[in-house]
Amino acid sequence: MRKTLTLFTLLSLTTALANDNGEAQYLQVISSKNPLFKSAMQVEGVREMYSECYQIDAQNGKLEDGDNKLSNCLWDRIKADEGIKEKVMKLVNEQSGEEGTGRYRTTMETTKKQSAGLKGLKEFFQKRLEEALYGEYQSDKGRFEKIADQRTFFELYKTQLGKNIIASMTSYCIETGPYATEIHQTGIPAYPLIHFSDEKASGDKNKNIASLNKQDIEKGAYSNWERCIQNLPVICAIGSSANKDEVTYKKYDVSTKKQKDSKKYSDILGSCEDRMKKGKDPTADETETCEKIVDNSNMRACQVVQYIELAKQSLLKTDDIVAKLDKKSGMAGIQNVEFYDSTKNQDESINALTTISSGEALEALSEGHKQDVAKMEECYKDGAIVDAEACSQYLATDKEEQYALLGELKVQQEATLEKLKNSENDPEEIAKILIEEGYTETQAQELATIQGVKEQVESRYQAKKDAILASLREEIEAHTTTGDEFDANNAQDVEKIAKIAKEIESRPENFSKLVHYNNIISSFLEVSSTGEDGEEVKNRNTASLSAEMKNSFLSEENKQKYEEMNVNLATLGYSEDQLGERFAQAGIDYSEAPNDDTTVELEDINKLIFSLFDGAENIQEK
């Protein structure tokens, strides 16, 4: 279920990395993929332990690892061998550094072939960047008409990361339904939950998009979206039935330095059951349905939390590098060359270069999508396998290697958790952990004195690691053959191919709807920017709204494009003109996008979604 989130993570300025230059090298270092990552499987003896566990589990004829038997087997064997465990812990320590716990290293991902549609999306961004940053090539001078300094690349990367964080949250919230409400009669969401049925989740997505065509978007759709993103870490931390008796989600008040709030799994499940039973005792089937909904939501929420936490680390590194660049004059001495200026042309501002409308998304995906569909139809069409050989490219057959990713992730997670638990429970060590969370040094020093903070960090990591492991397991199962090779007569293999075919077919619709909804709903969010006097000010992100309304997939010009790509917009229930009327009624002018550097800062992220504390932003810097 990581489809739309994966689409957005691919947009983290991979286009800038296409240029083999100094800027690209910097960006590679600060990307979410840790270049220093070392596999625990490389530790002498670990691979052999994994192979033994794999062979034991393979004798059952089914390698779904539903109870983590395979990965647990590997970690248990490592723990039993002090010599090997010491080497694994040393590896984790080396990667996390002296000041870090190692919680934010790269996550495991299955290897898949990049689709032609996504390649088109990447090329769209690359062309836009090159035209804005370099202009036309001047053959008489043997150079491009302008150049961009190093700082520009980092500002682009930082802005894109901020937008990706917002989009990743929206990718979850757009599919939530009223499955857990404060009072079932009101339908007000208490906890944002996603149904385990793809069909129901898709229906809820369409309802959420249709809610944009209401009298007051800010009090309706935006209010629900904001409540959803604030509860994402709650769902991740306590939304697993496996940990229902172990994990409590706590929050602390900075002014009193005491625990302010406490939630458990039973709060979420009970809210869902109340919605189901409507005043009566829930049946066993209703409780089971709620458990499945909450478990699915837990895994999806933790996927988003994991991505945001990795992005936060990149933001931290980027801010540090930009600060260092500001102290230098890297372009000093270059004469008679025009430099890229983000404030000179509104259409070429950093904000504009990192914004895409739903109409642009469809256009970028269109040609590649045709190729993807044609390729899949060589394998599967009209509900039947056409050519088994053509299908082999969609499912991996190296099962032992694929499931080794689970073992690797499990070992890295458990070793990291052990390091976290073994760290000293004193203010100095806790402050280091909070700085790793994105708090300033001043904030961290004051917050570290609150009792229970370290235990809560451990608890949240414990819950998230289990959900991420389950997510990876699901991903492997969905893209790996049941046997040693693809079998057209195996119902499970055929079902997997059918699901992949459906994902390919619906990709333009899913992505463009997400872009459309995200551009509109996030325009109400107040984020940081720099005013004319250099002071930080808060502005609404109307740039994304302006771009969306100028080139929406609702426009008549784009109608033929989306019809050819089987994009169904009938479920939206409104036209471009009707949506414009809603904004006019709300007094929002999107005709001209602001030409500023409005972006999501770490402070915005911590305040909006991740804070362990209420009031941390009020701590005065020393």
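S.K.: Please set out the overall build of the chain residue by residue, giving values where relevant.
M.R.: Counting its secondary structure elements, the chain contains 24 helices and 11 strands. With 622 residues in all, the chain has 53% of them scored as buried. Residue pairs at least 24 apart in sequence account for 78% of intrachain contacts in the chain once pairs closer than 6 positions are excluded. Carbon together with sulfur atoms contributes 45% to the accessible area of the chain, which is approximately 28,700 Å² in total.

S.K.: Report on the pairing of strand β5 (residues 258-263), specifying residues and quantitative values.
M.R.: Relative to β5, strand β4 (residues 249-253) runs antiparallel, the two sharing five bridges. Bridge pairing in β5 links Y249 to K263.

S.K.: Kindly report on the environment of Q456, identifying the contributing residues and their values.
M.R.: Topologically, Q456 is positioned in helix α19 (residues 453-478). What makes Q456 buried here is its relative accessible area of 3%. Sequence separation between Q456 and K250 is 206 residues, and the spatial gap between their C-alpha atoms is 6.8 Å. Among the polar contacts made by the side chain of Q456, one reaches the main-chain carbonyl oxygen of T248 at a distance of 3.1 Å.

S.K.: An account of the nonpolar core is needed here, citing residue identities and associated values.
M.R.: Within the largest apolar cluster, 105 residues are counted, with the highest numbers of intra-cluster contacts made by I78, Y172, L193, L212 and W225. Not counting chain neighbours up to four residues away, the residues in contact with L212 comprise I217, A221, H516, Y517, I520, I521, Y574, L579 and R582. Among the nonpolar cores identified, the runner-up in size contains 16 residues, and L434, Y439, L447 and V457 belong to it.

S.K.: Describe helix α20 (residues 491-521), and please don't skip the residues or the numbers.
M.R.: Where α20 bends most, the angle comes to about 55°, and this point is S506, followed within four residues by the proline P508. Between a side-chain oxygen at the N-terminus of α20 and the backbone nitrogen of Q492 the separation is 2.9 Å; the capping residue is N490.

S.K.: With reference to specific residues and values, describe the packing of aromatic side chains.
M.R.: Taken as a whole, this structure holds four aromatic pairs when the rule is applied. The interplanar angle of 45° and the centroid separation of 6.1 Å between the aromatic rings of Y50 and Y54 together place this pair among those described as tilted. Taken together, the residues span about one helical turn, with Y50 and Y54 both in helix α4 (residues 46-58) at a distance of four residues. Comparing Y50 with Y54, the two get one shared label, buried. What links up through ring pairs into an aromatic cluster is the set Y222, W225, F524 and F583. The ring of F196 has K292 lying over it, and the distance from NZ or CZ to the ring centre is 4.2 Å.

S.K.: Explain the side chain of T354 to me, using residue names and the numbers behind them.
M.R.: Residue position: T354 is located in the loop between α13 (350-353) and α14 (358-377). By relative accessible area, T354 is classed as buried at 4%. At a separation of 3.1 Å, a polar atom in the side chain of T354 contacts the side chain of K163. Once you skip the residues sitting within four places of it in the chain, T354 turns out to touch R128, L156, T159, Q160 and K163.

S.K.: Could you give an account of the environment of T442, with specific residues and numbers?
M.R.: Looking at the element boundaries, T442 is found in helix α18 (residues 441-447). Taking relative accessible area as the criterion, T442 reaches 12% and is therefore assigned buried. Note: C-alpha distance between T442 and A431 (11 residues apart in sequence) is 9.2 Å.

S.K.: Any chance you could break down the state of the cysteines for me, citing the residues and the numbers?
M.R.: Throughout the structure, instances matching the rule amount to five disulfides. Through a disulfide, C173 is tied to C228; the S-S separation comes to 2.0 Å. The S-S bond linking C173 to C228 shows a torsion near -95°; that makes this disulfide left-handed. Taken together, the positions of C173 in helix α8 (residues 150-173) and C228 in helix α10 (residues 218-238) put the pair 55 residues apart, joining distant regions of the chain. With respect to burial, C173 and C228 carry one shared label: buried.

S.K.: Go over the pattern of salt bridges, please, and point to the residues and values.
M.R.: Counted according to the given criterion, the structure contains 14 salt bridges. Linking K410 and E414 is a salt bridge whose minimum nitrogen-to-oxygen distance equals 3.0 Å. With K410 and E414 both in helix α16 (residues 399-422), this residue pair falls four residues apart, about one helical turn. One exposure class covers both K410 and E414, and it is buried. Several salt bridges converge on common partners, so that one network encompasses K410, E414, K465 and D466.

S.K.: Before we move on, can you summarise helix α23 (residues 576-585) with the specific residues and values?
M.R.: All of the buried residues in α23 are L579, G580, R582 and F583. Along the long axis of α23, the arc covered by the buried residues comes to 155°, so they all point the same way. The exposed residues of α23 that point more than 90 degrees off its buried face are D577 and A584. Where α23 is buried, its residues meet α20 and α21 (542-550). A positive phi of about 75° marks G587, the residue just after α23.

S.K.: I'd like a description of the packing of helix α7 (residues 116-134) against α14, backed by residues and values.
M.R.: Running from N to C, α7 and α14 point in directions that differ by 140°, and their axes come no closer than 7 Å. With respect to α14, the axis of α7 lies oblique. The handedness of the crossing between α7 and α14 comes out as right-handed. Packed against α7, whose contacting residues are A116, G117, L118, G120, L121, F124 and R128, the element α14 presents E360, A361, A364, L365, G368, H369, Q371 and D372 at the interface. Each residue belonging to the contact of α7 with α14 can be placed in one class, and the counts come to seven nonpolar, five polar and three charged.

S.K.: How would you sum up a negative patch on the surface? Please name residues and give values.
M.R.: A surface patch of like charges, here negative, comprises E377, E378, D382, D387 and E389. Residue placement: E389 occurs in helix α15 (residues 388-391).

S.K.: Any chance you could break down the environment of A384 for me, citing the residues and the numbers?
M.R.: Secondary-structure assignment places A384 in strand β8 (residues 384-385). Looking at A384, the relative accessible area reads 37%, which means it is partly exposed. Here the alpha-carbon distance between A384 and A498, two residues 114 residues apart in the chain, equals 8.4 Å.

S.K.: Break down unusual backbone geometry for me, with residues and values.
M.R.: In this model, D382 sits at a positive phi of 55°, which is unusual for a non-glycine residue. Locating D382 in the fold gives a position in the loop between β7 (380-381) and β8. Using a relative accessible area of 74% as the deciding quantity, one classes D382 as exposed.

The rules behind the values
Here the residue numbers are simple positions, counted from 1 along each chain's written sequence. pLDDT decides what is reported in this predicted model: residues at 70 or higher carry local features, side-chain atom pairs at 80 or more are listed and counted, and totals for whole chains, interfaces and linings draw on all residues regardless. Derived side-chain values reflect all non-hydrogen atoms in the structure, with water molecules and hydrogen atoms excluded from consideration. Only DSSP runs of H or I covering at least 4 residues are called helices, and only runs of E covering at least 2 are called strands; the numbering of each starts at the N terminus. Partly exposed residues are those whose accessible area sits between 20% and 50% of the maximum for their type, while under 20% is buried and over 50% is exposed, using a 1.4 Å probe and protein chains only. Two residues qualify as a contact provided that any one of their heavy atoms is within 4.5 Å of a heavy atom in the partner residue. Note that accessible areas follow from Shrake-Rupley with a 1.4 Å probe, and for residues the cover is restricted to the protein chains shown. Strands pair, by our definition, only if DSSP identifies at least two bridges between them. Nitrogen and oxygen atoms within 3.5 Å of one another constitute a polar contact, given that in protein one can donate a hydrogen and the other can accept it, and given that sequence-neighbouring residues count only through two side-chain atoms. For this analysis, a nonpolar core means a set of buried residues of the types Ala, Val, Leu, Ile, Met, Phe, Trp, Tyr and Cys, connected via side-chain atoms within 4.5 Å. Throughout, the bend at a residue refers to the angle made by two axes, fitted to the seven residues ending there and to the seven starting there. Any two rings among Phe, Tyr and Trp, with Trp reduced to its six-membered ring, count as a pair given centres within 6.5 Å; such a pair is stacked if its planes are under 30 degrees apart, edge-to-face if over 60, and tilted if neither. Any Lys NZ or Arg CZ found within 6 Å of a ring centre and within 35 degrees of that ring's normal is scored as a charge over the ring. In what follows, a disulfide is any cysteine sulfur pair within 2.5 Å. Whenever a carboxyl oxygen of Asp or Glu lies within 4 Å of a side-chain nitrogen of Lys or Arg, that contact is scored as a salt bridge. By construction, the arc corresponds to the directions joining the helix axis to the C-beta atoms. Axis definition: a line fitted to C-alpha atoms, limited for helices to the stretch in contact. Angles are taken between N-to-C directions and run from 0 to 180 degrees. Any angle that is under 35 degrees is reported as roughly parallel, and any over 145 degrees as roughly antiparallel; angles of 65 to 115 degrees are reported as roughly perpendicular and all others as oblique. By convention the crossing between two helices is left-handed if the near helix lies anticlockwise of the far one by an angle smaller than a right angle, and right-handed if it lies clockwise. Residue type decides the class: Asp, Glu, Lys and Arg count as charged, Ala, Val, Leu, Ile, Met, Phe, Trp, Tyr, Cys and Pro as nonpolar, and the leftover types, Gly among them, as polar. Here, patches come from residues exposed beyond 30% relative accessible area and free of salt bridges, joined within 9 Å for like charges and within 5 Å for nonpolar side chains (Val, Leu, Ile, Met, Phe, Trp, Tyr). Residues scored as positive are Lys and Arg, those scored as negative are Asp and Glu, and His as well as the terminal groups of each chain are ignored. Note on charges: their place is set at NZ of Lys, CZ of Arg, CG of Asp or CD of Glu.

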